[in-house]
Amino acid sequence: AEVKKTVTVFLRSRSQKARFVTELYAAMRRLKVDTEETDRALVELEREGMVMVRDHFCGDPHLAGVDLRIVALVESIGGADAQLSAIHMIDMAWNKWLSEYLANHRCG
């Protein structure tokens, strides 16, 4: 229960309401919570409808095997449907990251 609370606090802690799962892992490791505990908390939170986790794919061979999942709280933003708000936040995080990645990465 404490790990679940810590995950939700982390997701609320900054203006970015959606974060890569790898960012969550790093933050939780700094708090001495291992990846397995974080995964269990995410599964429980997702089952309870508190968070949404979406996987993404990028065909770049340099990203093969990279965890591109993004997690967001399922909360209404501006009165919108909570699930649609979560999807919107995840899409915004993905699009921002992908545009920055593609602008700076060159396969040689």
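From a predicted model like this one, the values you see are computed outputs, not experimental measurements. (Residues numbered from 1 in each chain as written. Predicted model: local features only at pLDDT ≥ 70, side-chain atom pairs only at ≥ 80, totals over all residues. Heavy atoms only, no water.)

Draft legend 1. Fine view of helix H4 (residues 82–104). Taking 1.5 Å as the rise per residue, H4 with 23 residues should run 33 Å; its terminal C-alpha atoms sit 33 Å apart, in good agreement. If you check which residues of H4 are buried, you get Ser85, Ala86, Met89, Ile90, Ala93, Trp94 and Tyr101. Looking at the buried positions of H4, the neighbouring elements they touch are strand E1 (18–20), strand E2 (51–54) and strand E3 (70–73). Capping the start of H4, aspartate 81 holds a side-chain oxygen 3.1 Å from the backbone nitrogen of glutamine 83, two or three residues further along. (Helix = DSSP H or I, 4+ residues; strand = E, 2+ residues; numbered from the N terminus. Expected span 1.5 Å × (residues − 1). Buried < 20%, exposed > 50% of the residue type's maximum accessible area, 1.4 Å probe, protein only. Contact = heavy atoms within 4.5 Å. Polar contact = N/O pair within 3.5 Å; in protein donor to acceptor, adjacent residues only side chain to side chain.)

Draft legend 2. Region of the structure containing the packing of helix H1 (residues 2–12) against helix H3 (residues 35–47). Across the interface, H1 lies against H3 with an axial gap of 9 Å and an inter-helix angle of 80°. Judged by the angle between their axes, H1 and H3 are roughly perpendicular. Along its contact with H1, which presents Val3, Lys4, Val7 and Thr8, the element H3 presents Glu37, Thr38, Ala41, Leu42, Glu44 and Leu45. By residue class, the composition of the contact of H1 with H3 is 5 nonpolar, 2 polar and 3 charged. (Axes fitted to C-alpha atoms, helices over the stretch in contact; angles between N-to-C directions. Parallel < 35°, antiparallel > 145°, perpendicular 65-115°, else oblique. Nonpolar A, V, L, I, M, F, W, Y, C, P; charged D, E, K, R; others polar.)

Draft legend 3. Inspection of the packing of aromatic side chains at higher detail. The final tally for this structure, using the stated rule, is 4 aromatic pairs. Put simply, the rings of Phe20, Trp94, Trp97 and Tyr101 touch in pairs and so form one group of aromatic residues. (Phe/Tyr/Trp six-rings, centres within 6.5 Å; stacked < 30°, edge-to-face > 60°.)

Draft legend 4. Representation of the environment of arginine 106 in the model. Mapped onto the elements of the fold, arginine 106 is located in the segment after H4. Looking at arginine 106, the relative accessible area reads 60%, which means it is exposed. Sequence separation between arginine 106 and valine 71 is 35 residues; the distance between their C-alpha atoms is 27 Å.

Draft legend 5. Structural context of the pattern of salt bridges. Tallying each qualifying case throughout the model produces 7 salt bridges. Where arginine 19 meets glutamate 23, a salt bridge forms, and the shortest distance between an N and an O atom there is 3.3 Å. Close ionic contact of aspartate 67 with arginine 69 constitutes a salt bridge, the shortest N to O distance being 2.8 Å. Since its relative accessible area comes to 23%, arginine 69 is described here as partly exposed. Each of Lys4, Glu44 and Glu48 takes part in one network of salt bridges that share partners. (Salt bridge = Lys/Arg side-chain N within 4 Å of Asp/Glu carboxyl O.)

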